Structure formats: structure tokens, C-alpha cells
Amino acid sequence: MKKRLQRREVVHFLLHQRDDLMVVAGLGAPAWDITAVGDHPLSFPLWGAMGGAGLIGLGLALAQPKRNVLVVTGDGEMLMGLGSLAVIGAHKPPNLSIVVLDNEHYGETGMQKTVTGLGVDLVGIAKSAGLAQSMLVTNKTELENLRTEIYKKGKSRPGALFAQVKVSSEKLPLVLPPRDGAYLKNRFRIALLGPEVALA
Amino acid sequence: MKNLNQTKLKHWSEPVHLLLQEHKIKQVAMVPDAGHANLIQLCEADKAMQVVRLTSEEQGVALLSGAWLGGEKGILLMQSSGVGNCINMLSLSTSCQMPLVILVTMRGDHGEFNPSQVPMGNATETVLTAMGVLVRRADTHEAVVEEVAGALHMAFNTTRPMAVLIGQKVTGAKDFRKLTH
């Protein structure tokens, strides 16, 4: 079997020199992955809310139509919130990208298989839900293309971008983000909207 | 908005829509209920608001957390059966101290006809309270307006989740047998 992409390398490639990109990460490994690149005030790593990462991204993308939003999540989290693809597909925010790091396993609970390893095709689901630009990423060239698309400004695309990135399922060292949700929220809002939002 | 208690309101939806405008509510997230139909129409016709069509109610908790991160306010509309779908997602509101206002039209309440609506309707307030959501209840049109006004002010100023339960005495108990004949 061909060697799969490594999740930390994928996320590092997507997030180094991240411009003014706002990032939401699903709970578990994706939150550790974005933190391994470097903690950032415009990162919102989740510690729970499983199934909600995509919709947090949509709310943020609608509120900030001139800026790019990236949701990085795992296959388990995406599968719990499949309905969110229908909502995002219908509302077509051109500044939202959703990247699913698909290792086909629940990594935090003992590496049990998810249904993506049993043939469930997230790209097909996303396309059918109306995310016209949905791609499977299995190699470096496709990953480079994905990065280019995520950072495009003044999006001409007809809606959100979706990518399912097949990654290997090894267990990596934990790199934990701050755990205090109120802190994560406040620092994000201050970085985005200015210090006055904490005083208003 | 003055002397609400002195004047008999025809319907709560128009004054509540004005309150949403006043509070600069931009994202109206909803799984529709008949009791919200008037308000939804007013919001859809309002160019300053975007109605977001959810497929399940907990999505609205996540969506409006994202909206708040991005500097926008929203409101979440659902019927009481949808509250059950929201339970775990509400941890996002409490653990991050996100403001959230949910307008819940009650089923399984006064004069209910459908037995399947009763368990969740009966548990709605308990469930919300258990998850840390402050609950206010309104059983007249005037009280709906008053409680929504209070909840909008309090939720966004003290950054916490709140729900206003709109009783079936206000929305009227639905009987499908009467609707189809």
C-alpha cells in the first residue's frame, strides 16, 4: 500500500504562514495538530461540541465574509455532524474551507474503525450536499493545490470548499491547546475585532 | 414597546422582530415550527438578517457560537422537541461563556393532542436548566415580548445561554385532525 500523508505534516503545510486565516479545529487530534504548528489567537480548538466544528465555521464565515475561515477536523467529528454539510452546501459561503483529516479511526478512544474505513465516501456526500468543490487529497501535489484554494482571496468559488485528506493513523505526541473556553473565545474576538470587545 | 401590559397584543412576532432589529441580530438560525412561522417570515423579509436553515437544532448552537466569535449576534428558533437534540452542544455555550438566545415554541404543553410530544415537552425546562441555560417562560403574547427583551439584553451583556419558552396557550395546541378536514 502507498504511504499515506502524515497529519501533522499536512496541517503544518496548510497553516505555516497562515496570513489572516481563522481556524476552527475539531476536538481531539485535529486540535492537537493545529497547536503543534503553533498556538494562535485566531485558532479556536474545540474540546467538545462533537459534530459542531463545521457549523462554527459557517457562523464565523457568515459574520466575516471578507476573511477566510478554515475548519480542520477528523473523520469521526465530521461523521457525527454530516447534516452540517447540507446546511453549508445550501448556504454556499465562498470563504469557508473544511478539511477532514481522515485516518479512518477514532484516535482518542482506542483506534476503533470509523465508517470512512468501511467505504463511506465523504467527498461524495459533500458534493451531493452542494459543496461543488470537493476533493480527495492523497498526495503532496493535491495537498499543494488544496493550500492554494484555501488561501484564495475574494473567492470566486460557488460555495464552501471541502477536502477529505487521507492520513495515516499513528498515535502522535499530544500538543494541547489552552483548555479554558472563555479564554479561547475572548482572545479570538480581541484578535479579530479589537480590544474594545472585551470592554464593551 | 411602552405599556405592554396595558395593551392587548394581537401577536408577539412583530414586536419581537423589532427587538431583533434593535439588538442588531444578524443570523436567524432555525428548524421551523408553526408557532414561529410569522417571525420567520418577518426575518426572511428583513435584508439585515440572514435566515440559516438547519437540519438539526444543535447545529444552531454551534453556528451562533461561530457568529459570536466573528462579531455577529444571532438567535435560534426551535420547537421543544429540538431542545433534546441540543443537549451536548450546549456545553459549548457554557464552557466558552457564549451568549445564546433560544426561542422555544412549546409542544407537549397546554392542550397537546400528540402523545409523542409530551415527554420532551415536559422535560424541556429541566433539560435546559440541567445544561446551564437560564430559562424564562411566557404564556401570553405580552409576556413573550417582555421575556425576549429581557433575554436578549441579559444573554448578550452577561454572555450566557438563555431560552424563552413560548407556551402552547400562546401558540395554540395543534390538532392534525382539524388541520386536514
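**A word on the overall build of chain B**
Within chain B one finds nine helices and six strands. Computed over C-alpha atoms, the radius of gyration of chain B comes to 15 Å, within 12% of the 16 Å expected from 2.2 N^0.38 for 181 residues, which places it in the range of a compact globule. Considering only C-alpha atoms, chain B reaches an extent of 45 × 35 × 25 Å along its principal axes. Buried positions account for 48% of the 181 residues belonging to chain B. Of the contacts formed within chain B by residues at least 6 apart in sequence, a portion of 76% connects residues at least 24 apart.

**Quick notes on the environment of arginine 67 of chain A**
Mapped onto the elements of the fold, arginine 67 of chain A is located in the loop between helix H3 (53-63) and strand E3 (69-74). In this structure, the C-alpha to C-alpha distance between arginine 67 of chain A and proline 94 of chain A, residues 27 residues apart in sequence, is 9.9 Å.

**A look at helix H6 (residues 118-130) of chain B**
Residues and elements named next belong to chain B. Spanning 13 residues, H6 covers 19 Å between terminal C-alpha atoms, matching the ideal 18 Å at 1.5 Å per step. Bending of H6 peaks at approximately 50 degrees at the position of threonine 124. Within the sequence span of H6, burial applies to Gly121, Thr124 and Leu128. The inward-facing, buried residues of H6 abut helix H4 (80-83), strand E4 (100-105), strand E5 (134-138) and strand E6 (161-166). Downstream of H6 by a residue or two, glycine 132 has a phi angle that is positive, lying close to 90 degrees.

**With respect to the packing of helix H1 (residues 13-22) of chain B against helix H2 (residues 37-44) of chain B**
Residues and elements named next belong to chain B. At a minimum axis distance of 9 Å, the contact between H1 and H2 shows a crossing angle of 40 degrees. Judged on the interaxial angle alone, H2 and H1 are oblique. Taken as a pair, H1 and H2 cross one another with a handedness that is right-handed. For the pair H1 and H2, contact is made by Ser13, Glu14, Val16 and His17 and by Asn38, Leu39, Leu42 and Cys43, respectively. Taken together, the residues of the contact of H1 with H2 sort by class into four nonpolar, three polar and one charged.

**Some words on the nonpolar core**
Buried together is how nonpolar side chains tend to be arranged in soluble globular proteins. With 109 residues, the main nonpolar core has Val99 of chain A together with Leu76, Val104, Val144 and Val164 of chain B as its most contacted residues. Among the elements that take part in this core, H3 of chain A stands out by supplying eight residues, more than any other.

**Focus: the sheet that holds E3 of chain A**
Residues and elements named next belong to chain A. Ordered in space as E2-E1-E3-E4-E8-E7, the six strands form an open sheet in which the pairing is parallel. On the outer flanks of this sheet lie strand E2 (43-45) and strand E7 (133-137), each paired with one strand and no other. On average, adjacent strands in this sheet sit at an angle of 15 degrees to one another, irrespective of strand direction. Inspection of the sheet shows strand E4 (residues 96-102) paired to strand E8 (residues 161-166) by six bridges, in the parallel sense. If you follow isoleucine 98 over to E8, its bridge partner there is phenylalanine 162. Across the sheet, H3 lies against strand E1 (22-25), E2, E3 and E4, angled at about 175 degrees from E3, the strand it touches most. Along the sheet, helix H7 (residues 140-151) makes contact with E3, E4, E7 and E8, crossing E7 at roughly 150 degrees.

**Considering the sheet that holds E5 of chain B**
The strands making up a sheet associate through hydrogen bonds between their backbones, and the pairing can be parallel or antiparallel. Residue and element names in this part refer to chain B. Strands sit in the order E2-E1-E3-E4-E6-E5 across an open sheet of six strands; the sheet is parallel. The sheet is open, and its two edges are formed by strand E2 (50-53) and E5, each paired on a single side. Recorded for the sheet is a direction-independent mean angle of 20 degrees between the axes of neighbouring strands. Here strand E1 (residues 25-30) runs beside E2; their pairing, made up of four bridges, is parallel. Looking at E2, one finds that alanine 29 is bridged to valine 52. Here H2 sits on the sheet in contact with E1, E2 and strand E3 (73-79), set at roughly 125 degrees to E2.

**Digging into helix H1 (residues 7-15) of chain A**
Side chains that are three or four residues apart share a direction in an α-helix, a result of its 3.6 residues per turn. Residue and element names in this part refer to chain A. Within H1 the residues assigned to the buried category are Arg7, Arg8, Val10, Val11, Leu14 and Leu15. Take H1 and look down its axis: the buried residues cluster within an arc of 160 degrees, on one side only. Contact partners of the buried residues in H1: E1, helix H2 (29-37), E3, E4, H7 and E8.

**Observations concerning unusual backbone geometry**
Even without being glycine, methionine 111 of chain A reaches a positive phi, approximately 60 degrees. Among the secondary structure elements, methionine 111 of chain A is positioned in the loop between strand E5 (105-106) and strand E6 (112-113). Even without glycine at this site, glutamine 97 of chain B takes up a positive phi of about 50 degrees. When you line up the elements, glutamine 97 of chain B lands in the loop between helix H5 (90-96) and E4.

**Points about the pairing of E3 of chain A**
Residue and element names in this part refer to chain A. Most of E3 is tucked away, with six of its six residues classed as buried. Because side chains alternate across E3, one face comprises the buried residues Val69, Val71 and Thr73, and the other comprises Leu70, Val72 and Gly74, equally buried. Relative to E3, E1 runs parallel, the two being bridged by four bridges. Across the sheet, valine 24 pairs through a bridge with valine 71, a residue of E3. Across six bridges, E3 lies against E4 in parallel orientation. In the strand pairing of E4, leucine 70 is matched with serine 97.

Reading guide: rules and limits
- Residues numbered from 1 in each chain as written.
- Chains lettered and ligands numbered in written order.
- Predicted model: local features only at pLDDT ≥ 70, side-chain atom pairs only at ≥ 80, totals over all residues.
- Helix = DSSP H or I, 4+ residues; strand = E, 2+ residues; numbered from the N terminus.
- Rg over C-alpha atoms; globule rule 2.2 N^0.38 Å.
- Buried ≥ 20, exposed ≤ 12 C-beta atoms within 10 Å, placed from the backbone.
- Contact = placed C-beta atoms within 7 Å.
- Expected span 1.5 Å × (residues − 1).
- Bend = angle between axes of the 7 residues up to and from the residue.
- Axes fitted to C-alpha atoms, helices over the stretch in contact; angles between N-to-C directions.
- Parallel < 35°, antiparallel > 145°, perpendicular 65-115°, else oblique.
- Left-handed = near helix turned anticlockwise from the far one by under 90°.
- Nonpolar A, V, L, I, M, F, W, Y, C, P; charged D, E, K, R; others polar.
- Core = buried A, V, L, I, M, F, W, Y, C linked by C-beta atoms within 7 Å.
- Pairing = 2+ DSSP bridges.
- Arc of directions from axis to C-beta.

All quantities given are derived from atomic positions and should not be read as evidence of function.
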